[in-house]
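# Secondary and tertiary structure notes
This is what each chain is made of:
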Amino acid sequence: MIMTSIRVTTYQGLTIGIMGTSHGHMLKAKLDGSRNDPPYMNVPVSGNSMIPVEKDMEFDPTKKHVYVLVGAKAIRFPVESCEVYTDCSTCVTTPDPLQCGWCNGKCTMEPECITAGWKDDSCPPLIHSIEPSAGPTQGGTMLTIYGKDFGGPNIQAGAVSVSVADVTCNIIYRNATK
């Protein structure tokens, strides 16, 4: 992947590079000169077509957006927005200096969350499937629940629970996805 364009701005005293790539992605990275931090944001802007971001990139007057060209398409890309992170896991784990968190199904900065429930350290679990899908009514069937955001390895015992028909299940094994 080759950098095709770059613009630099500051946010809360940090120097931030906004970069376009030959694969049609936008990257953001801290540029402090003392170390080579990898980009903390990598968002495709050309869909699956891998059309490169052109070299001409300009900020709007507020510096909250940058205009980029991807092929024949002009895109207004948010610079000071957490909404580029489209799932909770990415949102709450990004080292973005905007300090993003999850609120009502989207990634926001805390002042943008107008209801209670902004979280910057965890996500509600998302269940993809449960196996087996049926079992005897008297219970005793071992279940495997697949999904994500079931908690990291540092969550203490008792902080996670599973119930079926108001009966608490014993958790034999747990990781972030199973």
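Figured I'd write up the structure that's included with this text. (Residues numbered from 1 in each chain as written. Predicted model: local features only at pLDDT ≥ 70, side-chain atom pairs only at ≥ 80, totals over all residues. Heavy atoms only, no water.)

### Some thoughts on the pattern of salt bridges
The condition that has to hold: Any carboxyl oxygen of Asp or Glu within 4 Å of a side-chain nitrogen of Lys or Arg constitutes a salt bridge here. Counting from the N terminus, the helices are DSSP H or I runs at least four residues long and the strands are E runs at least two residues long.
One pass over the full model with this rule turns up five salt bridges. A salt bridge links Lys28 to Asp96, with the nearest nitrogen and oxygen atoms 3.5 Å apart. Separated by 68 residues along the polypeptide, Lys28 in strand 3 (residues 25-30) and Asp96 in the loop between helix 1 (88-93) and strand 8 (100-103) bring together distant segments of the chain. With a closest N to O distance of 3.8 Å, Glu83 and Lys106 form a salt bridge. You can see Glu83 sitting in the loop between strand 7 (73-78) and helix 1 and its partner Lys106 sitting in strand 9 (residues 106-109), a full 23 residues away along the chain.

### Considering the sheet that holds strand 1 (residues 3-11)
Short version of the rule: For two strands to be treated as a pair, DSSP must find at least two bridges joining them. Angular values range over 0 to 180 degrees, each being the angle between N-to-C directions of two axes fitted as lines to C-alpha atoms, with helices fitted over their stretch in contact.
Taken together, four strands build an open sheet; the order of strands is 1-2-3-4 and the sheet is antiparallel. Every interior strand has two partners, whereas the edge strands, strand 1 and strand 4 (41-44), have only one. The sheet shows a mean angle of 20° between the axes of neighbouring strands, taken without regard to direction. Alignment of strand 1 against strand 2 (residues 14-21), held across eight bridges, turns out to be antiparallel.

### Here's the deal with the nonpolar core
Here is the rule: Remark: nonpolar core denotes a set of buried residues (Ala, Val, Leu, Ile, Met, Phe, Trp, Tyr, Cys) joined through side-chain atoms within 4.5 Å. Relative accessible area decides the class of each residue, using a 1.4 Å probe on protein chains only: under 20% of the type maximum gives buried, over 50% gives exposed, and in between gives partly exposed. In what follows, residue pairs with any heavy atoms lying within 4.5 Å of each other are defined as contacts.
Counting residues in each nonpolar core, the largest one holds 29 residues, and the members touching the most others are Ile18, Met26, Met41, Val66, Val68, Phe77 and Tyr85. Counting only elements with at least two residues in this core, the list comes to strand 2, strand 4, strand 5 (53-59), strand 6 (65-70), strand 7, helix 1, strand 8 and strand 9. Once residues lying within four places of it in the same chain are set aside, the contact partners of Met26 are Ile18, Met19, Gly20, Met41, Asn42, Val43, Val45, Val53, Met57, Val66, Val68 and Phe77.

### Details of unusual backbone geometry
With an omega of -10°, the peptide bond running from Glu131 to Pro132 counts as cis. Following the sequence through the fold, Pro132 ends up in the loop between strand 10 (126-131) and strand 11 (144-148). One non-glycine residue, Asn104, adopts positive backbone phi at about 50°. On the basis of relative accessibility, which here comes to 59%, the residue Asn104 falls in the exposed class.

### A short note on the pairing of strand 9
Each regular strand carries side chains that alternate between the two faces of the sheet. In terms of strand pairing, strand 8 meets strand 9 through four bridges, oriented antiparallel. Looking at the pairing, Gly101 lines up with Thr108 of strand 9. Here strand 8 folds back onto strand 9, and the loop between the two strands holds two residues, one of which, Asn104, carries a positive phi near 50°.

Taken by themselves, the reported measurements are silent on function.
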